[in-house]
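# Residue-level structure breakdown
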Amino acid sequence: MFPKKYLPQDKKRQQICQSSPDLRDLAAKLEQAYVNKERAAQVAEKNVKLKEEEVTRARAQEEIIEEKAYLDDFEKKELLDDQLSKLRYQRQLDEQLQITEQERGKVFTKFIIDKEQIDEVVRKIRRETEEATIKKMEKKMATKQQIEEFKKSQVVW
């Protein structure tokens, strides 16, 4: 109960302090004041640590929020870039299809024109062949008729 600085130094002072109720009260109050001061220092230190931990947690929370916002923005940008890339690719495919269709149309038109020309040549050849066949038949018939007339004229002679 008495301050420790008095105990080892002076026994007489210790006896006076123990015999006097006022001094005992003062010593007790002094000891209580030291205890209260130490307790207040510990409480203040604990409060400082709690505040530091709270600040650290708040900073960590802010960093997490900032990181999440950054990642969200990054994902949105990636998604947008991906969609834009897909749109560009789709446009290129559409253009290629359109060019292919145009080329196919040109090739088909050329095919139709060539086919008509070939059909015309085939018709012309058939017509000429038929005309040649008819002329040949007519010549054969004329020759046959001449032979028959000749035979008739010989019979008559």
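Look up a bit, the structure's there.
Reading guide: rules and limits
- Residues numbered from 1 in each chain as written.
- Predicted model: local features only at pLDDT ≥ 70, side-chain atom pairs only at ≥ 80, totals over all residues.
- Heavy atoms only, no water.
- Helix = DSSP H or I, 4+ residues; strand = E, 2+ residues; numbered from the N terminus.
- Rg over C-alpha atoms; globule rule 2.2 N^0.38 Å.
- Areas by Shrake-Rupley, 256 points an atom, 1.4 Å probe, with all protein chains shown as cover.
- Patch = residues over 30% accessible without salt bridge, like charges linked within 9 Å, V, L, I, M, F, W, Y side chains within 5 Å.
- Salt bridge = Lys/Arg side-chain N within 4 Å of Asp/Glu carboxyl O.
- Buried < 20%, exposed > 50% of the residue type's maximum accessible area, 1.4 Å probe, protein only.

### Concerning the overall build of the protein
Looking only at helices and strands, the protein has two helices and zero strands in total. In terms of overall size, the protein is more extended than a compact globule, its C-alpha atoms giving a radius of gyration of 63 Å where 157 residues would be expected to give roughly 15 Å. Total accessible area on the protein is roughly 15,200 Å²; 57% of this is exposed by carbon and sulfur atoms.

### Some remarks on a nonpolar patch on the surface
The grouping of Ile-16, Leu-23 and Leu-26 at the surface amounts to a nonpolar patch, some 260 Å² of accessible area in total. As for its placement among the helices and strands, Ile-16 is situated in helix H1 (residues 11–19).

### As for the pattern of salt bridges
In this structure the tally under the stated criterion is 10 salt bridges. The partner of Asp-82 in a salt bridge is Lys-86, and the shortest N-O contact between them spans 3.4 Å. Here Lys-86 and Asp-82 lie together in helix H2 (residues 21–156), a separation of four residues that amounts to about one turn. Linking Arg-123 and Glu-120 is a salt bridge whose minimum nitrogen-to-oxygen distance equals 2.9 Å. With Arg-123 and Glu-120 both in helix H2 and three residues apart, this pair spans about one turn of that helix. Glu-120 gets classed as partly exposed once you look at its relative accessible area, which sits at 39%. One salt-bridge network, held together by shared partners, links Glu-120, Arg-123 and Arg-127.

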